[in-house]
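Residue-level structure breakdown
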Amino acid sequence: MTGTISALEEQEPTSGTSIDLPYRPESASQARELVRTMLAEWSLDDLVDDAVLVASEMVANSAKTGCHTAMTLQIIRTTAASVRILVTDGCRVLPVRIKAGSSDESGRGLELVAKLTHGRWGVSLEALGKTVHADLRVGGKP
């Protein structure tokens, strides 16, 4: 099962930040730190655990693409109670959501993203890559 290709909903961000990351597994720790910092600044403590996991999985997936162009993590506060996490990379290969077996050591990342965002995630193809986006809201479902 593949991730959905979708247009990003146009929302006026209230604030946000981004960071360029290298294509290395260690970039996931930088992603986690940025997300923690921004959510603390925005007093969105209820989102920290889920947002950190979502950002980490998205960056780790991007790092595995083998691309060597820029990878950017962006976190935007879209409303008083919600954030959007975006990872843009230079690879046009779509992420694949699979059902990992109990003995599989990997393959659960996008399933986690889908669960934690209540299905509010997707992929937008760009001229030179793609952007994977995920929306999280205090209290979960809209």
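The rules we used
Residues numbered from 1 in each chain as written. Predicted model: local features only at pLDDT ≥ 70, side-chain atom pairs only at ≥ 80, totals over all residues. Heavy atoms only, no water. Helix = DSSP H or I, 4+ residues; strand = E, 2+ residues; numbered from the N terminus. Buried < 20%, exposed > 50% of the residue type's maximum accessible area, 1.4 Å probe, protein only. Areas by Shrake-Rupley, 256 points an atom, 1.4 Å probe, with all protein chains shown as cover. Pairing = 2+ DSSP bridges. Axes fitted to C-alpha atoms, helices over the stretch in contact; angles between N-to-C directions. Contact = heavy atoms within 4.5 Å. Parallel < 35°, antiparallel > 145°, perpendicular 65-115°, else oblique. Left-handed = near helix turned anticlockwise from the far one by under 90°. Polar contact = N/O pair within 3.5 Å; in protein donor to acceptor, adjacent residues only side chain to side chain. Expected span 1.5 Å × (residues − 1).

Let us now look at the overall build of the protein. For the protein, the count of helices and strands is three helices and five strands. Secondary structure elements of the protein, listed N to C terminal, follow the sequence β-α-α-β-β-α-β-β. Put simply, the protein has 142 residues, and 42% of those count as buried. Approximately 7,700 Å² of the protein is accessible, and the part contributed by carbon and sulfur atoms is 53%.

This next bit is on the sheet that holds strand 5 (residues 129-137). A sheet is described by the order of its strands in space; here five strands give the open sequence 1-2-3-5-4, paired in antiparallel fashion. For this open sheet the edge positions go to strand 1 (15-21) and strand 4 (121-126), each flanked by a neighbour on one side alone. Put simply, the sheet's adjacent strands are angled 15 degrees from each other on average, direction ignored. As judged from the six bridges shared by strand 4 and strand 5, these two strands associate in the antiparallel manner. By the bridge assignment, L125 is partnered in strand 5 with K130. Set on the sheet, helix 2 (residues 48-63) makes contact with strand 1, strand 2 (71-79), strand 3 (82-89) and strand 5; between it and strand 3 the angle comes to about 10 degrees.

A separate point is unusual backbone geometry. The phi angle at S43 is positive, at roughly 55 degrees, despite the residue not being glycine. Assignment of secondary structure puts S43 in the loop between helix 1 (27-41) and helix 2. Classification of S43 as exposed rests on a relative accessible area of 58%. Here H118, not a glycine, exhibits a phi torsion of approximately 55 degrees, which is positive. Position of H118 among the secondary structure elements: in the loop between helix 3 (109-116) and strand 4. Overall, H118 belongs to the partly exposed group, its relative accessible area being 40%.

This part covers the packing of helix 1 against helix 2. One can describe the packing of helix 1 onto helix 2 by two numbers: an axis separation of 8 Å at closest approach and a directional angle of 150 degrees. Overall, the two elements helix 1 and helix 2 adopt an arrangement that is roughly antiparallel. The handedness of the crossing between helix 1 and helix 2 comes out as right-handed. Mapping the contact onto sequence places S27, A28, A31, R32, V35, R36 and L39 in helix 1 and V48, A51, V52, A55, S56 and V59 in helix 2.

As for its position among the elements, S15 is in strand 1. The spatial distance from the C-alpha of S15 to the C-alpha of R77 is 5.4 Å, given a sequence separation of 62 residues. Those residues within four positions of S15 in sequence are excluded, and the remaining contacts are W42, I75, I76 and R77. Polar side-chain contacts of S15 include one of 3.0 Å to the side chain of W42.

Attention now moves to helix 2. If you check helix 2, its first and last C-alpha atoms are 22 Å apart, about what 16 residues at 1.5 Å a residue would give, namely 22 Å. Taken as a whole, helix 2 has its buried residues at V48, A51, V52, V54, A55, S56, M58, V59, S62 and A63. At its buried positions, helix 2 is contacted by strand 1, helix 1, strand 2, strand 3, helix 3 and strand 5.

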